[in-house]
Amino acid sequence: MADLEADWSTDSSEAVNISLVVPGKTLATFHPKFTYSIFGEEERIFGYQGLKINLKYHASDMRPVLQITYNKKFKAIGETEPTDLKPILEDFLPKTAFDKTAVFDAAIADASYADWKPPGELWKTIQSGSQTFEVWRGSLADLAVQQMLKRIQVLVPFFIEGGTLLDLDEPEWGLDRWTVFFLYQKKTENLEPSQSPYTFMGYSTVYRYFLYQPIASHGTPRGKRQRIAHDANLDFKFPLPKITFPNLPCRSRISQFIILPPFQAGGHGSRFYNAIFDYYLADPKTIEITVEDPNEAFDDLRDLNDLVRLRTLAEFATLRINTTVQPRSRGPVPKNILDGDLLEKIRLKLKIAPRQFARVTEMQLLSLLPLGVRQSLMIEKKDAIQDLKARQHEYHLWQLWVKKRLYKHNRDMLMQLDRSERITKLEEALGSVEADYARLLRALDRRVTGPKGTNGKRPSPDEGDTGEPSAKKAKITA
């Protein structure tokens, strides 16, 4: 039976080939990153030799067609039979994907594609050298946006670990909470007469949550345990005006974010993220912009782009640690190491979530410290540092400020440990956080100045590995 499995079992990730095509030409072909949510945890398909699952997409409107080929198919023996692929894939692809190839080829050669435009409305045009990129957006309640999402949703389990499809059978008011952004490259030269100028590069979905906003109290600030009290406002008439969700304050959460492999490592992730951020920054109803369960690569992209954005604000760029603070050897961390009111004012201005803002602020303040006074793989002579003791004191205050946040974030877990273990765990977490910040800051330096030997080409923050040693993961979260 072992030989049988070896002969007839295929790696599903290798078997699946995804292509972007235009009439008569394939632009790019690539494999999925994950297939376990479709073909099982082992990512194996039984019953075929030479199996190829070719999923072709028309590069503009992403109309798909599925082709399954193989050299041999296993003949069923009792209950042992080949995997039935079509029913599995029907849960992830629209019905048109199962049309004959000739139908697909005829459809994408239609002359109307010369005037085709993405669904929704144009939000932003980005010019990068001679290249033009466009970001389009639309509500998921829009049928054209729904059709596009039905075609491309299989990319979620293919490229997002643990990613799931959106439920498109929700009522219209539920669908309207979702906004879908599409990233396209637009070409105007060397096109066939019936070819669309648009090439699909990626997409993102954003969900709006209601965000409760307490009424500002009049007079002195409310105490910690003081009851909320406001004068009753009886100036209203029945029937009450209809309140729709788009008119309520909300938290906008980036849920899914995909850049197709052929377009990765070119700065497109950063362009797309910033375009989405710009949209919600300008939206008066969005109070906060968050991200749902980002992976490490997206965390890096988000951290660097948020830091670059914050550095454009004078009040953030001039932010400094209050070095007049003299903390006690025991007791709580002083609250005035940083100006809390100013920090909150900046955070609200750029609508960044509290934990994300705290991390990027810590990264910025670390970047202002000489390498010689902080943990670093880079060697810097301490005698070359002016006011060495003052800078060491500043670094100590930075460490206390970060430890305070780490302790608060992991308090429930840390309280289960005795004091010496808590101190050890916090020190380990602090070292991990600082090493990770240093890695990101080096990546940002290379982005700004360009690394040696690259003719000045600037890598983007979404290029993945920075070439630096990875920081060890702490057991408490940062």
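Residues numbered from 1 in each chain as written. Predicted model: local features only at pLDDT ≥ 70, side-chain atom pairs only at ≥ 80, totals over all residues. Heavy atoms only, no water.

Regarding the packing of helix α13 (residues 354-367) against helix α16 (residues 419-449)
(1) Moving on: Following both chains from N to C, one finds α13 and α16 inclined at 75 degrees, their axes separated by 10 Å at the closest point. Here α16 runs roughly perpendicular to α13, going by the angle between their axes. For the pair α13 and α16, contact is made by R359, E362, M363, L366 and S367 and by E434, D436, Y437, A438, L440 and L441, respectively. (Axes fitted to C-alpha atoms, helices over the stretch in contact; angles between N-to-C directions. Helix = DSSP H or I, 4+ residues; strand = E, 2+ residues; numbered from the N terminus. Parallel < 35°, antiparallel > 145°, perpendicular 65-115°, else oblique. Contact = heavy atoms within 4.5 Å.)

Examining the sheet that holds strand β3 (residues 25-30)
(1) Moving on: Read from one edge of the open sheet, 4 strands run β3-β2-β6-β7, paired in mixed fashion. At either end of the open sheet lies a strand with only one pairing partner, and these are β3 and β7 (64-69). Taken over all neighbouring pairs, the strand axes of this sheet differ in orientation by 25 degrees on average, direction set aside.
(2) Moving on: Strand direction decides the pairing type here: strand β2 (residues 16-22) and strand β6 (residues 52-58), joined by 6 bridges, are parallel. By the bridge assignment, S19 is partnered in β6 with K56. (Pairing = 2+ DSSP bridges.)

Looking at the sheet that holds strand β9 (residues 121-128)
Think of a sheet as strands paired side by side through backbone hydrogen bonds, with each pair either parallel or antiparallel.
(1) Moving on: Strand order in the open sheet formed by 6 strands is β9-β10-β11-β12-β13-β14, and the pairing between neighbours is mixed. Of all strands in the sheet, those with a lone pairing partner are β9 and β14 (286-291), marking the two edges. The sheet shows a mean angle of 25 degrees between the axes of neighbouring strands, taken without regard to direction.
(2) Moving on: Relative to strand β12 (residues 198-210), strand β11 (residues 178-186) runs antiparallel, the two sharing 9 bridges. The partner of K186 across the bridge, within β12, is Y198.

Section: helix α6 (residues 143-152)
(1) Moving on: Along α6, the positions that sit buried rather than exposed are V145, Q146, M148, L149, R151 and I152.
(2) Moving on: Taking the backbone nitrogen of A144 as reference, a side-chain oxygen 2.9 Å away marks D142 as the first, capping residue of α6. (Buried < 20%, exposed > 50% of the residue type's maximum accessible area, 1.4 Å probe, protein only. Polar contact = N/O pair within 3.5 Å; in protein donor to acceptor, adjacent residues only side chain to side chain.)

Description of a negative patch on the surface
(1) Moving on: On the surface, E79, E81, D84, E90 and D91 cluster together into a negatively charged patch.
(2) Moving on: Its location among the elements puts D91 in the loop between α4 (85-90) and α5 (101-108).
(3) Moving on: Residue classification places D91 among the exposed positions, given a relative accessible area of 58%. (Patch = residues over 30% accessible without salt bridge, like charges linked within 9 Å, V, L, I, M, F, W, Y side chains within 5 Å. Areas by Shrake-Rupley, 256 points an atom, 1.4 Å probe, with all protein chains shown as cover. Salt bridge = Lys/Arg side-chain N within 4 Å of Asp/Glu carboxyl O. Lys, Arg positive; Asp, Glu negative; His and termini not counted. Charge placed at Lys NZ, Arg CZ, Asp CG, Glu CD.)

Some details on the environment of K351
(1) Moving on: Position of K351 among the secondary structure elements: in the loop between α12 (340-350) and α13.
(2) Moving on: A relative accessible area of 10% places K351 in the buried class.
(3) Moving on: Between the alpha carbons of K351 and Y280 there is a distance of 8.6 Å; along the sequence they are 71 residues apart.
(4) Moving on: Apart from residues lying up to four places away in sequence, K351 is in contact with Y280, L281, A282, D283, T286, I287, E288 and I289.
(5) Moving on: A polar atom in the side chain of K351 sits 2.9 Å from the backbone oxygen of Y280.

Notes on the side chain of D306
(1) Moving on: Within the secondary structure layout, D306 lies in helix α10 (residues 296-310).
(2) Moving on: Setting aside anything within four residues of it in sequence, one finds D306 in contact with Y273, F277, I352, Q356 and V360.

Quick notes on the packing of aromatic side chains
(1) Moving on: Counted under the stated rule, the structure contains 23 aromatic pairs.
(2) Moving on: Following the ring pairs from residue to residue traces out a cluster consisting of W116, W136, Y184, Y198 and F200. (Phe/Tyr/Trp six-rings, centres within 6.5 Å; stacked < 30°, edge-to-face > 60°.)

Quick look at the pattern of salt bridges
Side-chain pairing between opposite charges can occur once the charged atoms of the two side chains come close.
(1) Moving on: Summed over all chains, the structure comprises 18 salt bridges.
(2) Moving on: R253 is the partner of E292 in a salt bridge, and the nearest nitrogen-oxygen pair spans 3.2 Å. One end of the pair, E292, is in the loop between β14 and α10; the other, R253, is in strand β13 (residues 250-259), and 39 residues separate them in sequence.
(3) Moving on: Taking the relative accessible area as the measure of exposure, E292 reaches 28% and is therefore partly exposed.
(4) Moving on: The shortest N-O distance in the salt bridge between D436 and R439 comes to 2.7 Å. You can see D436 and its partner R439 sitting in helix α16, 3 residues apart, about one turn around the helix.
(5) Moving on: Relative accessible area serves as the criterion here: at 11%, R439 is assigned to the buried category.
(6) Moving on: Beyond isolated ion pairs, a larger network of salt bridges with shared partners links R251, E288, E344 and R347.

Things to note about the pairing of β13
(1) Moving on: Counting buried positions along β13 gives 9 out of 10 residues, so the element sits mostly inside the fold.
(2) Moving on: Bridge count between β12 and β13: 9 bridges; the pairing is antiparallel. Within β13, the position partnered with Y207 by the bridge is R253.
(3) Moving on: Looking at chain direction, β13 and β14 are connected through 5 bridges and run parallel. Counterpart to R253 in the pairing with β14 is T290.
(4) Moving on: The parallel pair β13 and β14 is bridged by helix α9 (residues 268-281), and the resulting crossover is right-handed. (Right-handed = clockwise from strand over helix to strand, strands pointing away.)

Quick word on the pairing of β7
(1) Moving on: Note: β6 against β7, 6 bridges, orientation antiparallel. Paired with K56 across the two strands is V65, which belongs to β7.
(2) Moving on: Between β6 and β7, which pair antiparallel and follow one another directly, the connecting turn spans 5 residues, one of which, M62, has a positive phi of 60 degrees.

Re the packing of α9 against α10
(1) Moving on: Relative to each other, α9 and α10 sit at 60 degrees, their axes nearing to 10 Å. One finds that α9 runs oblique with respect to α10. Crossing hand, α9 versus α10: right-handed. Across from G269, S270, Y273, N274, F277, D278 and L281 in α9, the residues of α10 making contact are F298, L301, R302, N305, D306 and R309. (Left-handed = near helix turned anticlockwise from the far one by under 90°.)

A look at the confidence of the model for the chain
(1) Moving on: Per-chain confidence: the chain averages 87 in pLDDT, with 85% of residues scoring 70 or above.
(2) Moving on: The element-level mean pLDDT for the chain is lowest in helix α1 (residues 2-8), coming to 61, with β6 highest at 98.
(3) Moving on: In the predicted structure, residues 218-222 sits below a pLDDT of 50 and forms 2 contacts with residues beyond four places in sequence or in another chain.
(4) Moving on: Within the model, pLDDT remains below 50 along residues 451-475, and this stretch shows 42 contacts once partners closer than five positions in the same chain are excluded. (pLDDT = per-residue confidence, 0-100.)

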